[in-house]
Amino acid sequence: MFKLNLKIALRNLWRNKGIAAINIGGLAIALAAFILVTLYFTYETSFDKENPNYENIYVVGITYPEFKTNYVAAPFAEAIRQNFPEVVSAGVIKDSAFELTIKKGKNTLFTKKILQVSYDAAKILNIQPANGLIKPAGETERLTYLSTESMKTLFPNKQDDEPEMVGFGASTSGISGVINGSIKNNLHSNFTFDGVSIGNELGKNDHYNMNDYTIYLQVKPATDVENLEQKITGLYRTELLKDKSEEKSIKEIKGISTFLDPLANQHLKPKAGNDAPYKILIAISVLGVLILVIACINFTNLSIAQAGKRAKEVGIKKVMGAYRFQLTKQFLVEILMQCLVAIILALIIAELALPRFNSLFQVHLSIWDTANGLFWKIPLILVLITFCAGIYPAIVLSGFKPSLVLKGNFSTSKQSYWLRNALLVFQFSMAVIFIIGLFIINSQLKYMRSEDLGFNVNQVVYVKNLTMFNNPAKFGSIDFEPVRQKMLKVPGIKSATVATFIPGGQNGINSYAANGIKANIDFVNVEFDYFETLDIKLKEGRFFSNKFKTDTINSAIVNESAVAKYGIKNPIGKIIRGCDIDYKIVGVIKDFKTQGFENAIQPTIYTIKDPCGSFKTEILLKIEQNKMADVLATLKAQWPEINKLDGEDFRYVFLDELYGKLFKKQEQLESVFFTAAVLTIFIALLGLYAFAKYITNGRLKEIAVRKILGATDVQLLKLINSSFFYLVVVANIVSWPIAYVVTNMWLKTFAYRIDFPVLPFVTTTLITILLTIITVSIQAKKAVNANPVDALKYE
Amino acid sequence: MIKIENLEKVYKTEEVETTALNGINLHVAAGEFVSIMGPSGCGKSTLLNVMGLLDKPESGSYKFIDTELLTLNDRERSNFRKRNMGFVFQNFNLIDELTVFENIELPLIYNKVPAGERKKLVNEIIERMNIVNRSGHFPQQLSGGQQQRVAVARALVTKPKLVLADEPTGNLDSSHGNEVMELLCELNETGTTIVMVTHSSHDASFSNRIINLKDGHVISEKINKSRNEELI
Ligand SMILES: Nc1ncnc2c1ncn2[C@@H]1O[C@H](COP(=O)(O)OP(=O)(O)OP(=O)(O)O)[C@@H](O)[C@H]1O
Ligand SMILES: [Mg+2]
């Protein structure tokens, strides 16, 4: 019997090969998208999952009244371990504060990130050097390991894993050290690095105001984390009270608490960060599922459309004595086979699309990696889509009454009319929402690209540098002026400045008081020409200038937001106090968007002298466009003379490239959305195309009769189109509010955004109506053009 | 063999109720060939469907060699049908995707006849029906008469006790119609009971007995003397 059913199924498919191909192809494309999304989802949610203690590792963070952070003072780790028996182990980690140059003979390595890891943290976080984790001796020994790639750069011919002597910084610095071996940099981990430096205890003697480590705890399984959290908060407050470095009032301390954040949260939704990556992942997953649902709907709808044709078969088989469940099974198996073919195609498509996908999301996913669990997920997906796509047709078809269907003029259209239309409307609604979303994302991105940022990063070069240019001197920093003069001598350099932070990065935060208000605001410590280099607009007053002696002592420039925050009227000449200095405001600049469009511009103060500030290391140069190459070559050649302390290696980035990275995430989202929208529309149209074919085929006789009775082609096309036309209109109306809510939610994530546009709604409606009419008319045209006599004879 | 008593069947649609069968009483003896005639819409097809267990009546009794069939559940009805009955329809109702051979084979498959024996039985009947060189063809490649012969072959291949035929010649010209009628007669002579619905008195003349229906009633019965004499 199976063989016979198979024959019927295959011959049926063959007879409708065009439609079968559309059906299976559409499903295959959707499945491919779904498989990619599954791969991505698994990857993104399994960072550090290989760690055997994955479930029991927590970050200790601090909640301040204004923000949360993972940066804590190092000694707190040991305090926690000693006080709470449920804490098995506690360790600390710190990023390197600056980029480091390592030299071995002629080979030079620029490291961006050398992780400082305590021995305990290395154990907890499974940070394992190639030749095993060794406990450093005593308090001061550091064991340094470089990632395999870094090792390659530094020691291209090294075979063994013996320690090596290397030089740090400029070759003249005279600082040297030992590299103890290599360590694998696992990209599928929260802890990536160019190298790792392991010490027994880090920051042991730090005070509680030196919050620059991250604490990781490993707790006993089944620990009551909430309870532990409370106990740790209690401990932290006591420690703060004991600590003399930071005199915080009891009231202030009461406002501070700690939290425990599972390791599992760190990659996507750290409590002390934003959960945008998590939201994006969820959005992408929802898109993947939706596309699959839409493809399944095609299947269901086409099966229903075919039902009239299959009804006779069902009737006859029942007359011959087939049981209902046999027929249900037969139809399910039929759909299962088609889904199987679709899955195989999908795997091929996914494999072909992976390189593009990987580069878009900057990941290294592979179908063949067993860790992704596809080998059990695929069969599950197969069963699931077979069920979704096939269960309704299978039940409806097998339920036909032979006495009805065998009468000859049986029509199934009535029974499934509502379901069929509902499914079509659903499909089109999805397509409509995606198109509207696409338009709106596109408008916002266009706005972001064209909007005046208030500063200009073109032809600005950001020179990486290790020398600190704080004046008055702070830890061996030097005056910037001589260096600047040397640089300005290079023909083509228009201006040169140095600051603590570059636009687009994170600024520092300190407490300032003005107009009777005390608040934490952003600060940037700069040098002369900072505003000129970045082409920032002045609102009133003046920029810093070496003509004014006080500028290097107590002058400040603030932005419009700061003026607004403190409510200062006539700000020029007013005092803003911070770090025990009364700064005089000499200028107000217009707000400029350094933090992209998501974040509102922060109230910011710019000063030259700031004992509480940061290190001025970020050199910014404005260079004449046509002399760019020459300037860079000259700087490279003369760098050791210009900036002796930085060593001989001139390293730079174009600031506009750096700033462009801020757009990366949004552009990624746009790509995903674009693909999703195109796929949805494509699959929905495929479905509609095939569906329209069935519907018109079912109406061939009606069309023939109408034609014989004198209907014109246009009238007939209108007749066939009208039912689909109404469906699309309904779909549009249904999806408008949904699209409005979803896109508005997205737009609200931007501090600076377009006014909510109406045009995309209208355009989308027109587009979908047009596409529908074209699709349906292609099918209808064939039926209308056919000779009516043939249609009647066929019956 | 068949005892039908007080059979009632009502079709309910949104607007109207149609009483298709209104207290039918009918006995058919084993080996009989019965024709059912009557004006269009009088309930002939409905009666045949009920007899073939394709439809359920509202009330009444239907006994087949002492088994009451109306109380069976769906599964038992299927089983009973596939073991005891064969069907021939006016519009042939062959499966378009299957060849002649496969169409005839289908009921055997549902009766779980082993493959070897299936082949033998199908080939036998194909030979008897004179359609040997058509066995690999699909239904659309055959003439109406040939299609109906295939349908008859399919009805007979399981050697049913009862064959139900609803206007088997309705879509055929008279010569093809006669071929089919002769087939049915031959079948009847080998002992199969046949109940046939027809509009043609010519066709009815092949049967032993003619039952006239009107508005869901049996209004008259006529023994077909000529045929009975012929038999004797
Ligand atoms: N599915 C149905 N729903 C509603 N009414 C029905 C249905 N099938 C048949 N009828 C009604 O039942 C009555 C008997 O129908 P039936 O098909 O048995 O007639 P018939 O005697 O076979 O007619 P014909 O000679 O034209 O085939 C008719 O009045 C018909 O309208
Ligand atoms: Mg009838």
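Here we summarise the structure given alongside this text.

The rules behind each value
- Residues numbered from 1 in each chain as written.
- Chains lettered and ligands numbered in written order.
- Predicted model: local features only at pLDDT ≥ 70, side-chain atom pairs only at ≥ 80, totals over all residues.
- Heavy atoms only, no water.
- Salt bridge = Lys/Arg side-chain N within 4 Å of Asp/Glu carboxyl O.
- Helix = DSSP H or I, 4+ residues; strand = E, 2+ residues; numbered from the N terminus.
- Buried < 20%, exposed > 50% of the residue type's maximum accessible area, 1.4 Å probe, protein only.
- Contact = heavy atoms within 4.5 Å.
- Pairing = 2+ DSSP bridges.
- Buried area = accessible area lost by both parts, 1.4 Å probe.
- Polar contact = N/O pair within 3.5 Å; in protein donor to acceptor, adjacent residues only side chain to side chain.
- Nonpolar A, V, L, I, M, F, W, Y, C, P; charged D, E, K, R; others polar.
- Near = heavy atom within 4 Å.
- Areas by Shrake-Rupley, 256 points an atom, 1.4 Å probe, with all protein chains shown as cover.
- Axes fitted to C-alpha atoms, helices over the stretch in contact; angles between N-to-C directions.
- Parallel < 35°, antiparallel > 145°, perpendicular 65-115°, else oblique.
- Left-handed = near helix turned anticlockwise from the far one by under 90°.
- Core = buried A, V, L, I, M, F, W, Y, C linked by side-chain atoms within 4.5 Å.
- Domains from an automatic or database assignment.
- 1 Å grid on protein atoms, 1.4 Å probe; cavity = no way out; pocket = protein on both sides within 12 Å on 5 of 7 lines; lining within 4 Å.
- Points joined across faces, edges and corners; volume = space filled by probe spheres on them.

Here we look at the pattern of salt bridges
One pass over the full model with this rule turns up 30 salt bridges over all chains. In this structure, the salt-bridge partner of A:Arg11 is B:Glu102, at a minimum N-O distance of 2.7 Å. Taken together, the residues A:Arg11 in helix H1 (residues 2–15) and B:Glu102 in helix H3 (residues 100–110) connect one chain to another. Residue classification places B:Glu102 among the buried residues on the basis of a relative accessible area of 6%.

Describing the environment of A:Gln427
Residue and element names in this part refer to chain A. Inspection of the secondary structure assignment puts glutamine 427 in helix H12 (residues 413–450). Owing to a relative accessible area of 0%, glutamine 427 belongs among the buried residues under this scheme. Glutamine 427 sits 124 residues away from aspartate 551 along the chain, and the two C-alpha atoms are 65 Å apart. Ignoring anything within four residues of it in the chain, the contact list for glutamine 427 reads Ile294, Ile297, Asn298 and Ala684.

What about the sheet that holds strand S1 (residues 2–12) of chain B?
The four strands are arranged S2-S1-S4-S5 (chain B) in an open sheet whose pairing can be described as antiparallel. Two strands bound the open sheet, and with one partner strand each, they are strand S2 (17–28) and strand S5 (67–68) of chain B.

Concerning the interface of chain A and chain B
Between chain A and chain B, the contact holds 27 residues from the first and 27 residues from the second. Between chain A and chain B the total buried area reaches about 2500 Å² when both faces are included, carbon and sulfur atoms providing 58% of it. Interface area lost by chain A to chain B is led by A:Leu4, A:Met320 and A:Tyr323, which between them contribute 26%. Where chain A meets chain B, there are three salt bridges. For B:Asp96, the salt bridge identified is with A:Lys312, shortest N-O distance 3.5 Å. Linking chain A with chain B are 10 residue pairs in polar contact (both at pLDDT 80 or more). Secondary structure elements with two or more residues in the side of chain A that touches chain B: H1, helix H8 (276–319), helix H9 (324–361) and helix H11 (402–405) of chain A. The residue inventory of the side of chain A that touches chain B, partitioned by class, reads 12 nonpolar, five polar and 10 charged.

Focus: the site of ligand 1
Close to ligand 1 lie 15 residues, the nearest being B:Ser40, B:Gly41, B:Lys44, B:Ser45 and B:Thr46. Looking at what sits near ligand 1, you find residues from chains A and B. A distance of 2.8 Å separates an oxygen atom of ligand 1 from a polar atom in the backbone of B:Gly41. Interatomic distance of 2.7 Å between a side-chain N/O atom of B:Ser45 and an oxygen atom of ligand 1. Across the complex, the protein chains shield 71% of the 630 Å² of accessible surface that ligand 1 would expose by itself. For the shell around ligand 1, the elements supplying multiple residues, two or more each, are S2 and helix H1 (44–51) of chain B. Take the shell around ligand 1: its biggest share by element is three residues, from H1(B).

Notes on the sheet that holds strand S6 (residues 85–88) of chain B
All names here are of chain B. The sheet built from six strands is open, its strands ordered S6-S7-S8-S3-S9-S10 with mixed pairing. Single-partner strands in this sheet number two, and they are S6 and strand S10 (217–223). Across this sheet, the average inter-strand angle for adjacent strands is 20°, counted without regard to direction. Bridge count for S6 against strand S7 (residues 162–166) is four bridges, and the pairing is parallel.

Concerning the packing of H8(A) against helix H10 (residues 374–398) of chain A
All names here are of chain A. Here H8 crosses H10 at 30°, and the two axes come no closer than 8 Å. Classified by the angle their axes make, H8 and H10 are roughly parallel. Where H8 crosses over H10, the handedness of that crossing is right-handed. For the pair H8 and H10, the contacting residues are Leu292, Cys296, Phe299, Thr300, Ser303, Ile304, Ala307, Arg310, Val314 and Lys318 in the first and Ile385, Cys388, Ala389, Tyr392, Pro393, Leu397 and Ser398 in the second. A per-class count over the contact of H8 with H10 returns 12 nonpolar, three polar and two charged.

Some remarks on the pairing of strand S23 (residues 618–623) of chain A
All names here are of chain A. The buried fraction of S23 is high, at six of six residues. As paired elements, strand S14 (residues 460–464) and S23 share four bridges and run antiparallel to each other. Note on S23: the bridge partner recorded for valine 461 is leucine 621. Pairing between strand S15 (residues 493–499) and S23: six bridges, direction antiparallel. Bridge pairing in S23 links alanine 499 to glutamate 618.

Quick notes on the nonpolar core
The biggest cluster of nonpolar side chains holds 115 residues, and the ones touching the most others in it are A:Leu27, A:Leu31, A:Tyr530, A:Phe531, A:Phe544, A:Ile576 and A:Tyr606. Split by domain, the residues of this core number at least three in each of domain 1 (1–45 + 274–412) and domain 3 (460–662) of chain A. When sequence neighbours within four positions are dropped, the list of residues in contact with A:Ile576 reads A:Tyr512, A:Ala513, A:Ala514, A:Ile521, A:Ala556, A:Tyr566, A:Ile581, A:Asp582, A:Tyr583, A:Ile585 and A:Ile605. Residues A:Val319, A:Leu406, B:Ile2 and B:Ile95 belong to the second largest nonpolar core, which totals 53 residues.

Brief notes about empty space enclosed by the protein
Residue and element names in this part refer to chain A. Enumeration according to the criterion identifies seven cavities of 30 Å³ or more in this entry. Roughly 240 Å³ of internal volume is contained in the largest cavity. Lining the largest cavity are 19 residues, and of these Ser303, Gln306, Arg310, Glu334 and Gln338 sit closest to its centre. Looking at the lining of the largest cavity, the elements that each hand over two or more residues are H1, helix H2 (17–44), H8, H9 and H10. Per-element accounting of the lining of the largest cavity gives the leading share, five residues, to H8. The residue inventory of the lining of the largest cavity, partitioned by class, reads 11 nonpolar, six polar and two charged.

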